[in-house]
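# Commentary on secondary and tertiary structure
Residue-level listing of the chains:
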Amino acid sequence: LLQQDGKLKLDDPVERYVPNLTRGDSITIRQVLSHTSGYEDYWPQDYVFPAMLKPTTPEAILDQWARKPLDFEPGTDWQYSNTNYTIAGLIVEKVSGMKLMDFLQKRIFTPLHMTVGELGTAPAGSTDAIAYTRVALGPLHPAPVIAPGWLFAMGELEMTPRELALWDISMIDRSLLAPESYDAMTTPVALRSGRDSHYGLGVELAGDGARKEISHEGEISGLITENEIWPELKAAVVVIVNADGATEPSAIADRIAKIILPPDNQPPKPATSTPQKTPPPENTAGVGSAREFFSQLRQGKVDASKLTANAASFFTPEALQDAATGLKPLGELQAFVPLGPSFDRGGFIFRAYFAKCGNGRVFVNTCTLKDGRFEQFLVLPFVM
């Protein structure tokens with residue numbers, strides 16, 4: 001919108017609007033919006049770490065995560081980073097002369113007749129869903145409340161599925177932006193190597209032609225959202241789940257999509273390479289440690305030396321008891337298999353596993369430091 005107003009260009013360096021960022025004179029707004037900037041993600045974890053219980057500011061976030069060495073050379077890789085949205089939000093405020101939420105209300109929500117609030121600024125109403133969390137299939141508990149400042153520009157919007165559906169309709173009808181702006185937003189950004197990032201400007205992209213899909217997921221404490229749009233088919237699916245550690249909303253959305261979308265009669269594309277019969281080495285490297293920790297978690301006792309400070313704060317005695325309560329009914333562990341390649345985000349290595357037990361199956365998502373200590377170890381329901 002600000003580019004259409006002639007107030008900035010997407011290829012402007014971010015230094016022009018937010019000073020003293022690492023490589024700010026050469027990293028562009030477009031690279032920030034497409035997660036190809038190299039700025040480290042300040043919240044890659046899927047839980048609330050202790051610092052997030054105390055108020056912060058966007059500038060304090062940038063001081064810690066955007067004024068340090070980059071995770072990679074700009075334009076050479078893609079890594080999702082919430083820090084990018086903090087930068088983008090500050091640019092909007094600087095250029096528009098308005099608070100970000102005021103700008104969004106005036107230029108987006110009011111024209112689209114959307115009723116949208118700002119998380120944490122008003123008490124919950126009697127009809128509002130409570131946000132829940134749980135540890136490793138254990139009992140549900142009210143999710144911790146994130147302190148002011150942490151969600152600025154990356155996760156502070158509060159709305160119902162209906163309001164998000166109004167946004168989806170505007171994406172289908174292209175009613176808010178100029179055609180060239182929608183094209184820029186929904187065109188996959190190519191990395192310097194030519195590799196497709198499958199990401200545009202703030203949106204994930206998949207498929208082509210009539211099956212082109214524009215989507216994004218979002219997660220904060222106790223709330224997870226999946227939003228999927230097929231513009232050519234004039235269809236969209238919105239799923240909001242008010243519990244982290246529950247069934248992934250993307251799995252629910254996929255099931256709904258199979259019902260509402262017309263059959264895909266296109267023949268499958270031929271494989272471009274021989275499918276791997278064994279997991280890639282970068283994932284198998286951590287399987288032994290992850291399997292051992294999973295077995296410990298089932299007993300409610302873990303080796304604290306395998307945890308970072310944040311993870312240690314997560315696995316309290318109560319959390320470990322909840323984990324044992326949730327996992328023991330699964331029975332004895334029979335198989336623990338890596339899923340896909342590992343990937344980097346926020347200075348951590350992320351790996352996923354499939355655990356088969358005598359009475360059930362689960363997914364395990366981990367992130368570790370290079371020394372192998374766990375920053376995160378999540379056990380999630382298995383959904384096909």
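Going by the structure above, here's the rest.
Residues numbered from 1 in each chain as written. Predicted model: local features only at pLDDT ≥ 70, side-chain atom pairs only at ≥ 80, totals over all residues. Heavy atoms only, no water.

## Concerning the pattern of salt bridges
Which entries qualify depends on this criterion: By definition, a salt bridge exists where a carboxyl oxygen of Asp or Glu is found within 4 Å of a side-chain nitrogen of Lys or Arg. To sort residues, take the accessible area from a 1.4 Å probe on protein chains only and compare it with the maximum for the residue type: under 20% means buried, over 50% means exposed, and anything in between is partly exposed.
Taken as a whole, this structure holds twelve salt bridges when the rule is applied. The shortest N-O distance in the salt bridge between Asp371 and Arg373 comes to 2.9 Å. Judged by relative accessible area, which is 52%, Asp371 ranks as exposed. One network of salt bridges, with partners in common, ties together Glu59, Asp63 and Arg67.

## Thoughts on the packing of aromatic side chains
Let me state the cut-off plainly: Two rings from Phe, Tyr or Trp (for Trp, the six-membered ring) form a pair when their centres sit within 6.5 Å of each other. Planes less than 30 degrees apart are called stacked, planes more than 60 degrees apart edge-to-face, and all others tilted. Each helix corresponds to a stretch of at least 4 residues labelled H or I by DSSP, and each strand to a stretch of at least 2 residues labelled E; elements are numbered beginning at the N terminus.
According to the stated counting rule, one finds 18 aromatic pairs in the structure shown. Ring centres of Tyr42 and Trp65 lie 5.8 Å apart, and the angle between their planes is 50°; on these two criteria the pair is classed as tilted. Linking Tyr42 in the loop between α1 (29-33) and α2 (58-65) with Trp65 in helix α2, this pair joins segments that are 23 residues apart in sequence. What makes Tyr42 buried here is its relative accessible area of 1%. When its relative accessible area of 11% is taken as the criterion, Trp65 is described as buried. Measuring from ring centre to ring centre gives 5.0 Å for Phe363 and Phe382, while their planes differ by 35°; the resulting arrangement is tilted.

## Things to note about the sheet that holds strand β6 (residues 213-220)
Inclusion rule: A pair of strands is treated as paired once DSSP finds two or more bridges between them. Axes, fitted as lines to C-alpha atoms, cover a helix only where it is in contact. Angles between the N-to-C directions of the axes lie from 0 to 180 degrees.
Pairing is antiparallel across the open sheet formed by four strands, whose spatial order is β5-β6-β7-β8. Where the open sheet ends on each side, the last strands, each with one partner, are β5 (204-206) and β8 (235-241). For this sheet the average axis-to-axis angle between neighbouring strands, irrespective of direction, equals 15°. As defined by bridge partners, β6 adjoins strand β7 (residues 223-230) across seven bridges and the pair is classed as antiparallel. Bridge pairing in β7 places Ile214 opposite Ile229.

## A word on unusual backbone geometry
With a phi close to 65°, Asn20 is a non-glycine residue in the positive phi region. Located in the positive-phi region is His113, a residue other than glycine, with phi close to 60°.

## Some remarks on helix α5 (residues 161-173)
Residues separated by three or four positions in an α-helix point in the same direction, a consequence of the helix having 3.6 residues per turn. Worth spelling out the cut-off: Expected helix span is taken as 1.5 Å per residue step, with the number of steps being one fewer than the number of residues. Note on contacts: a residue pair is in contact if any heavy atoms of the two residues lie within 4.5 Å.
Here α5 contains 13 residues, and its C-alpha end-to-end distance of 18 Å stays within 8% of the 18 Å for a straight helix at 1.5 Å per residue. Taken residue by residue, α5 has Glu163, Leu164, Asp168, Ser170, Met171 and Ile172 as its buried positions. Tucked inside the fold, the buried residues of α5 contact α6 (179-185), β6, β7 and β8. Arg174 occupies a position one or two residues after α5 and carries a positive phi of about 50°.

## As for the sheet that holds strand β9 (residues 333-345)
Reading across from one edge, β9-β10-β11-β12 is the order of the four strands in this open sheet, with antiparallel pairing throughout. Whereas interior strands pair on both sides, the edge strands pair on one side only; in this sheet they are β9 and β12 (374-381). Neighbour-to-neighbour, the strand axes of the sheet open up by a mean angle of 20°, direction not taken into account. Relative to strand β11 (residues 360-368), strand β10 (residues 348-357) runs antiparallel, the two sharing nine bridges. Residue pairing in the sheet places Cys357 in a bridge with Gly360 of β11.

## Observations concerning the side chain of Asp244
We count it as follows: Positive charges come from Lys and Arg alone, negative charges from Asp and Glu alone, with His and the N- and C-terminal ends not counted. The term polar contact refers here to a pair of N or O atoms within 3.5 Å; inside protein, the definition further demands a hydrogen-donor-capable atom paired with an acceptor-capable atom, and it admits residues adjacent in sequence only when both atoms are side-chain atoms.
Looking at the element boundaries, Asp244 is found in the loop between β8 and α7 (249-260). We note that Asp244 is buried and unpaired, the nearest opposite charge coming from Arg134 at a distance of 7.4 Å. Of note is the side chain of Asp244, whose polar atom sits 2.9 Å from the backbone nitrogen of Gly222. Those residues within four positions of Asp244 in sequence are excluded, and the remaining contacts are Tyr132, Thr133, Arg134, Glu219, Ile220, Ser221, Gly222 and Ile224.

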